[in-house]
Amino acid sequence: MGDYLIMNPLNFPILSTTIFIPLAGAIILLLMRNDTIVKGIAFTTGIINFLVSLLLLVYFDASTHLFQFGEFARWIPQYNINYILGIDGITIFLILLTTILAPMCVLCSWTAIENRVKEFMFCILVMESAMVGVFCALDLILFYIFWEAMLIPMYLLIAVWGGPNKDYASVKFFIYTLFGSVFLLVAIIAIYLVTGSFNIPNAMFRDYSFNFQFWVFLAFAIAFAIKVPMFPFHTWLPAAHTEAPTAGSVFLASVLLKMGTYGFLRFCLPITPQASIFFAPYMLVLSVIAIIYGGFVCLSQTDMKKLIAYSSVAHMGFATLGIFSLTLFGFQGALLQMLNHGVTTGALFLCVGIVYERTHSREIYDNAGLGKIMPIYVGFFGLFAISSFAFPGTNNFVGELYILIGTFINHKAAGFFAVVGAILAAAYMLKLLKQIIWGREDKRPIKDMNVREIAYLIPLAVFVLWMGLFPAPFVHTIEKTIIHLTSQLQVYFP
Amino acid sequence: MTILPELYMLFFSIVFLFLSVGKRKADLFTWAKVLSLVGLVITLVSINGRGNLFYGAYRVDLFSQIFKAVFAYGFVFVIFMLGRKNEIEEGYLAEYFMFLGFSTLGLMMLVSSVELISIAISLEISSYSLYVIVPLRKGQTKVQLEASMKYLFFGAISSGIMLYGMSYLYGMIQSTFLSKIIFVLPKFLDQPIGILAIILTLAGFFFKLSLFPFHFWAPDIYEGASNTTTTFIATVPKVAAAALLIRIVTMASSADPAFVTILIVLAALSMTFGNIVGLVQKDIKRLLGYSGIAHAGYLIMGILAMSRDGNAAAIYYMVVYLFMNLGVFYVVLLLAKSGENITLNDLSGLARRAPLLAFTLAVSAFSLAGIPPTGGFTGKLFLFTSAFKAGYLNIVIIGAVNTVISIFYYLNLVRMSYSKEAIVAEPINLSVHEKALCYVLIFLVLYLGIMPFGLTQLFRMAV
């Protein structure tokens, strides 16, 4: 099976299982009639899948950069399209992030979604399948199918269960993303015609001409930049985030955005290394603009969800900054940042969802002054908020530190502006936090969080602190893959 | 009995000819369903038939048999879809079935014809039947009369142009056999008369395929004809026209640059025109008419590659095209209680009124737009790959851009049914067999998307 893939050490196809358990659960759902049973099944499916995916972590071999848990099957032999799965240091935590968020999304929608529960849970589970699939696929067509298949349930989540402006937001989301993807498809076909297969590892680090790399990079970059979203392709994000139901926002922020940066790491750097080096300065500029611009826009938001959405633009700017600093620290930082942003922003959206269920408003003023009314809530919210602006001791601090170190090695100016952006983040987050805790004096009849809500925030809170105080296990797991990537890239530096 | 499918279709039509004379109109539907199913079985059984008949003018091979099976599928689906008695005046029902049968017969003959005269005759058999059924719609209005007149005129003119082109071909080559023509024609292709002859000849098929600039009839006919008739016209004859184009290309050994350039231009214009005009359509059948024009353009991408891959991809795309269109049309048919045309606004709230219909519509529309994991994506992937492989990157990029343009109106179908609230909120009740048909169509579209390997292999053997 090629020298890039270590076959699965377990005696069952674990990656396929992780991909298809949610889909199977989704199909079972369709046969049910009772809403409570539907929620129960969706939650159980999510938990089972999370437990299965934990096995990945247990059996993961951190001493190799090769793809592990490999699976290979012929699929469309006429076009040399195969069903190849495998994960490495880049994807292992992204998969775990996906599988743990799915049951949380079910929990957070327990009471928030009242109509068409069955279809909602169906969409959530199908999304989970597709998202795990994107991270596991090692065949370009397989990847593309998962990548696009994700659009449909996400579109429906926004279009059916979204806020008042759902129509506009969902269509914009769909068309924007699709626009990027069709060029991705053309690039995929181009790679196929040159290499003779759709195999991703086979396509990495080959002697393509610079011209070829140039165009393929651009086609890839448009698709991924829209997904990240990088400035100036970010306009779909605030609309989609604001209108989506909480579960949709969480998936969007925590997993979908990561697919853009994952694409840069998995495709752009190894397949088009020379073009990546060529374009890196431009990408750095766009990243810095995203960080600063996102920060300033956040300062003027009055809508909690919008604020967090724009802060995502800034945070993902850090991730792309790390990637295109093209240094070891930068890559590691970007990967950690992806993970951290997934947890923190996901948690923040969950928090907004919790308070929205009580006040039915996303306006900061309507939700202000909760410090005395909802002490537990404010405790969690405070933790995630300070983690969001990379307070030392929380997870984001580690990621941003790595990224800044990586950036300062080669690009002092970009590093400087990024630090300014980090200060902006503190400014807008503290401003939000202050409003939420002390913003109003009046007593309102709002209940504090219940056990269900605490239950799904605790794992995230634990992660925030663990990663902040003791990131070594995480770094260790991803290290080999990143070191390998960096050393391969070294060859191409002028 | 290599021509059993054709003989059976003839038998089918004659049965209904007799039934149309008789007085019993009650169980016509049952008869039609049973007989068409038998026809499908017969066609599938005779898929391995081989032979050259009528002095080589009529060729029965895997290629033709596959397409006959596809027509039989389309025919069966159309007959089953006509389940609600709201489309055609009851008195004309037997004739309607008869003409549908005749049209399918003509198309079946068309894919086996490898000689100009038999091609012309088969095409006319199919077309004349369609000319008759276009005006057959409950409640005569000017719109459908206009539609049928237009169809007749455009059809006659394009037949005329085709025959004119054929006369040139015969004049140059002194043979009406395709094998001979393909062999000799390359010598004439550097002269204007060669290109002119082949383009004029192909015009007849471009007309059926509604390729730009032979598309003018399509939106009006789609709008004017009854929903079932449109379903048939939009699917089966197009597949047949595509089949003959592919047949001609498979016989040609090499691609002439001038000819390919013309095809590229036609394909690009067809896609772009169809999709852009499709954006502003309100009537769903009209919208599908423009979508059909765009899809004719996509199809040409496979044909102009002039390779085995390309031809197999084109066949695959036509099969997918058949089923995804049937999916959308079926939703239209079921929504139209009294056979009226359905507009975008009628779709609003569909997801609440009939979740299954909304889902069928969504799957088919996403497939038309080419979103995985549906058949439309897989078909488009094959088309893009083969055109790219043959070196025509420009048309691939135009195709990709067109995919984005088209998503606006396909997504609109889904958007209306999922995120708009219903004006009339009464639920739509579906009978068991209507539900089953929906499931079958959804299954087929997804199956073609996820498991294309078997059919791809078969189609490669055929071309």
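Data block above holds the structure.
In this text, all values refer to a predicted model and were calculated from it rather than measured experimentally. (Residues numbered from 1 in each chain as written. Chains lettered and ligands numbered in written order. Predicted model: local features only at pLDDT ≥ 70, side-chain atom pairs only at ≥ 80, totals over all residues.)

1. Description of the overall build of chain B
- Within chain B, the regular secondary structure consists of 19 helices and 2 strands.
- Taken over C-alpha atoms, the radius of gyration comes to 21 Å for chain B, in line with the 23 Å a tight globule of 463 residues would show.
- Along the first, second and third principal axes, the C-alpha set of chain B runs to 65 × 55 × 45 Å.
- With 463 residues in all, chain B has 58% of them scored as buried.
- Taking all contacts inside chain B whose residues are at least 6 apart in sequence as the whole, residues at least 24 apart take part in 82%. (Helix = DSSP H or I, 4+ residues; strand = E, 2+ residues; numbered from the N terminus. Rg over C-alpha atoms; globule rule 2.2 N^0.38 Å. Buried ≥ 20, exposed ≤ 12 C-beta atoms within 10 Å, placed from the backbone. Contact = placed C-beta atoms within 7 Å.)

2. Considering the overall build of chain A
- Each helix and strand counted, chain A has 19 helices and 3 strands in total.
- Since a compact globule built from 494 residues should have a radius of gyration of about 23 Å, the 21 Å found for chain A is in line with a globular shape.
- Viewed in the frame of its principal axes, chain A has a C-alpha envelope of about 65 × 55 × 40 Å.
- Taking all 494 residues of chain A together, 62% fall into the buried category.

3. A closer look at the environment of Leu196 of chain B
All names here are of chain B.
- Among the structural elements, Leu196 can be located in helix α8 (residues 192–209).
- The exposure class assigned to Leu196 is partly exposed, which follows from the 14 C-beta atoms found within 10 Å.
- Leu196 sits 27 residues away from Leu169 along the chain, and the two C-alpha atoms are 9.5 Å apart.

4. As for the interface of chain B and chain A
- Listed by partner, the interface residues are 24 residues for chain B and 30 residues for chain A.
- Among the elements of the structure, α16 (375–389), α17 (393–419) and α19 (453–462) of chain B are those that each provide at least two residues to the side of chain B that touches chain A.
- Of all the elements, α17 of chain B adds the most residues to the side of chain B that touches chain A, at 11 residues.
- Grouping the amino acids of the side of chain B that touches chain A by side-chain chemistry returns 16 nonpolar, 5 polar and 3 charged. (Nonpolar A, V, L, I, M, F, W, Y, C, P; charged D, E, K, R; others polar.)

5. A look at the environment of Val38 of chain B
- Position of Val38 of chain B among the secondary structure elements: in helix α2 (residues 28–45).
- Note: C-alpha distance between Val38 of chain B and Gly302 of chain B (264 residues apart in sequence) is 33 Å.

6. Observations regarding the nonpolar core
- Formed by 377 residues in total, the largest nonpolar core has its most connected members in Ile124 and Phe220 of chain A together with Ala240 and Ala387 of chain B.
- In terms of residue count, the dominant contributor to this core is helix α13 (residues 308–335) of chain B (22 residues). (Core = buried A, V, L, I, M, F, W, Y, C linked by C-beta atoms within 7 Å.)

7. Points about unusual backbone geometry
- Cis geometry marks the peptide bond from Phe212 of chain B to Pro213 of chain B; its omega dihedral reads 0 degrees.
- With respect to the helices, strands and loops of the structure, Pro213 of chain B is situated in the loop between α8 and α9 (217–224).
- The linkage connecting Pro372 of chain B with the following residue, Pro373 of chain B, adopts the cis geometry, with an omega of 0 degrees.
- By the secondary structure assignment, Pro373 of chain B is in the loop between α15 (355–369) and α16.
- Notably, Asn80 of chain A is not glycine yet its phi reads approximately 55 degrees, a positive angle.
- Along the chain, Asn80 of chain A falls in the loop between β2 (67–76) and β3 (81–87).
- Since 16 C-beta atoms lie within 10 Å of it, Asn80 of chain A is described here as partly exposed.
- Of note, Arg116 of chain A is a non-glycine position whose phi angle comes to about 50 degrees, a positive value.

8. Comments concerning the sheet that holds β2 of chain A
Residues and elements named next belong to chain A.
- The 3 strands are arranged β1-β2-β3 in an open sheet whose pairing can be described as mixed. Every interior strand has two partners, whereas the edge strands, β1 (5–7) and β3, have only one. Along the sheet, successive strands turn relative to each other by an average axial angle of 50 degrees, direction set aside.
- Relative to β2, β1 runs parallel, the two sharing 2 bridges. Bridging across to β2, Leu5 finds its partner in Phe67. (Pairing = 2+ DSSP bridges. Axes fitted to C-alpha atoms, helices over the stretch in contact; angles between N-to-C directions.)

9. What about the packing of helix α14 (residues 328–359) of chain A against helix α15 (residues 375–388) of chain A?
Residue and element names in this part refer to chain A.
- At a minimum axis separation of 9 Å, α14 and α15 run at an interaxial angle of 145 degrees. As for how α14 packs across α15, the hand of that crossing is left-handed. Listed contacts from α15 to Thr344, Ala347, Leu348, Cys351, Ile354 and Val355 of α14 are Tyr377, Phe380, Phe381, Phe384, Ser387 and Ser388.
- For the contact of α14 with α15, the per-class residue count stands at 9 nonpolar, 3 polar and no charged. (Left-handed = near helix turned anticlockwise from the far one by under 90°.)

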